[in-house]
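Results of the structural survey
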Amino acid sequence: MPQYENPWTIPNMLSMTRIGLAPVLGYLIIEEDFNIALGVFALAGLTDLLDGFIARNWANQRSALGSALDPLADKILISILYVSLTYADLIPVPLTYMIISRDVMLIAAVFYVRYRTLPTPRTLAKYFNPCYATARLKPTFISKVNTAVQLILVAASLAAPVFNYADSIYLQILWCFTAFTTAASAYSYYHYGRKTVQVIKD
């Protein structure tokens, strides 16, 4: 049986804050206000560090919703940042297409898992009730590495026009490494499949 839990934890609120900052960052990048964008990105990164730290150290702040909301917030933030940075000609189109495609497939998988783990009768009210926990998600190690690499590339790309190294060969090497970890992360979810989902029994 699924369990009811409090969704209004500090880590979940921090994840929601990160989601809210994503369109702000996208606007700043499109407007080429890279100095302010760097500051806002640092704030978003701080929310990511804090929500993980709090959830690991205070048991009453952990939740099944948080296990999905934290990576979802990362994916929304990363997707908006990559599209915006590609628009600003700071990240190549093929790399952004690769990252967005992987994230869309993972988000679709999360919604599918939510549907499959709901007990019958399945209703929309039950499906979208954040208090009704049915499964916890366990990201693979390479997926965590990939998220970190993607965020490092975002930080480097945001700083490139500020510090005048947009044509650096090291930035291009980072593009290739990001593509490699993205492909490896996608394969890890395909390979491990159900091992990345823990269904809540009681």
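On a predicted model such as this, the values are computed, not experimentally measured, just so you know.

1. Examining the nonpolar core
Core analysis: the biggest nonpolar cluster contains 29 residues, and Ile29, Tyr82 and Leu158 have the highest contact counts within it. It is helix H6 (residues 141-163) that contributes the most residues to this core, seven residues altogether.

2. A closer look at unusual backbone geometry
For Asp89, which is not glycine, the phi torsion reads 60° and is therefore positive. Mapped onto the fold, Asp89 is located in the loop between helix H3 (64-87) and helix H4 (93-117). Even without glycine at this site, Asn164 takes up a positive phi of about 60°. Positionally, Asn164 belongs in the loop between H6 and helix H7 (169-192). We classify Asn164 as exposed; its relative accessible area is 69%.

3. Some details on the environment of Ala42
Mapped onto the elements, Ala42 comes out in helix H2 (residues 34-57). For Ala42, a relative accessible area of 48% puts it in the partly exposed group. When the C-alpha atoms of Ala42 and Ala155 are compared, they prove to be 8.6 Å apart, with 113 residues separating the residues in sequence.

4. Some points on a nonpolar patch on the surface
Taken together, the side chains of Leu43, Leu46 and Leu50 present a nonpolar region at the surface, about 250 Å² in accessible area. Position of Leu46 among the secondary structure elements: in helix H2.

5. Topic: the UniProt feature "transmembrane region" (unreviewed entry) in the protein chain
UniProt records the feature "transmembrane region" (unreviewed entry) for residues 94-113, 145-163 and 169-190 in the present numbering. Between the C-alpha atoms that bound residues 94-113 there is a distance of 29 Å. The span itself is 100% helix and 0% strand. Note that residues 169-190 is 100% helix and 0% strand, and that its end C-alpha atoms are spaced 32 Å apart.

6. Concerning H4
In a regular helix each residue adds 1.5 Å, so 25 residues correspond to 36 Å; H4 covers 36 Å between its end C-alpha atoms and thus fits that length. Every buried residue of H4 is listed here: Leu95, Thr96, Ile99, Arg102, Asp103, Leu106, Val113, Arg114 and Thr117.

7. A short note on the environment of Tyr127
Within the secondary structure, Tyr127 is located in helix H5 (residues 124-127). For Tyr127, a relative accessible area of 14% gives the class buried. Residues Tyr127 and Arg114, 13 residues apart in the sequence, show an inter-C-alpha distance of 7.2 Å. Not counting chain neighbours up to four residues away, the residues in contact with Tyr127 comprise Phe111, Arg114, Tyr115 and Leu118.

8. Notes on the pattern of salt bridges
Scanning the model with the defined rule gives four salt bridges in all. In this structure, Asp48 engages Arg18 in a salt bridge whose closest nitrogen and oxygen atoms are separated by 3.4 Å. Here the residue Asp48 occupies a position in helix H2, and Arg18 occupies one in helix H1 (residues 10-30), the gap between them amounting to 30 residues. Here the salt bridges do not stand alone but share partners, grouping Arg18, Asp48, Asp70 and Asp74 into one network.

9. Let's talk about the packing of H6 against H7
Viewed as axis vectors pointing N to C, H6 and H7 meet at an angle of 155°, and their least axial separation amounts to 9 Å. Between H6 and H7, the angle is such that the two are roughly antiparallel. Crossing angle aside, the handedness with which H6 passes H7 is left-handed. Contact residues: H6 offers Ile142, Ser143, Asn146, Val149, Gln150, Ile152, Leu153, Ala156, Ser157 and Ala160, while H7 offers Leu171, Leu174, Trp175, Phe177, Thr178, Thr181, Thr182, Ala184, Ser185, Ser188 and Tyr189. In the contact of H6 with H7, the residues fall into 12 nonpolar, nine polar and no charged.

Cut-offs used in this document
- Residues numbered from 1 in each chain as written.
- Predicted model: local features only at pLDDT ≥ 70, side-chain atom pairs only at ≥ 80, totals over all residues.
- Heavy atoms only, no water.
- Core = buried A, V, L, I, M, F, W, Y, C linked by side-chain atoms within 4.5 Å.
- Buried < 20%, exposed > 50% of the residue type's maximum accessible area, 1.4 Å probe, protein only.
- Helix = DSSP H or I, 4+ residues; strand = E, 2+ residues; numbered from the N terminus.
- Patch = residues over 30% accessible without salt bridge, like charges linked within 9 Å, V, L, I, M, F, W, Y side chains within 5 Å.
- Areas by Shrake-Rupley, 256 points an atom, 1.4 Å probe, with all protein chains shown as cover.
- Salt bridge = Lys/Arg side-chain N within 4 Å of Asp/Glu carboxyl O.
- UniProt positions renumbered as here; feature names shortened; annotations may be inferred.
- Expected span 1.5 Å × (residues − 1).
- Contact = heavy atoms within 4.5 Å.
- Axes fitted to C-alpha atoms, helices over the stretch in contact; angles between N-to-C directions.
- Parallel < 35°, antiparallel > 145°, perpendicular 65-115°, else oblique.
- Left-handed = near helix turned anticlockwise from the far one by under 90°.
- Nonpolar A, V, L, I, M, F, W, Y, C, P; charged D, E, K, R; others polar.

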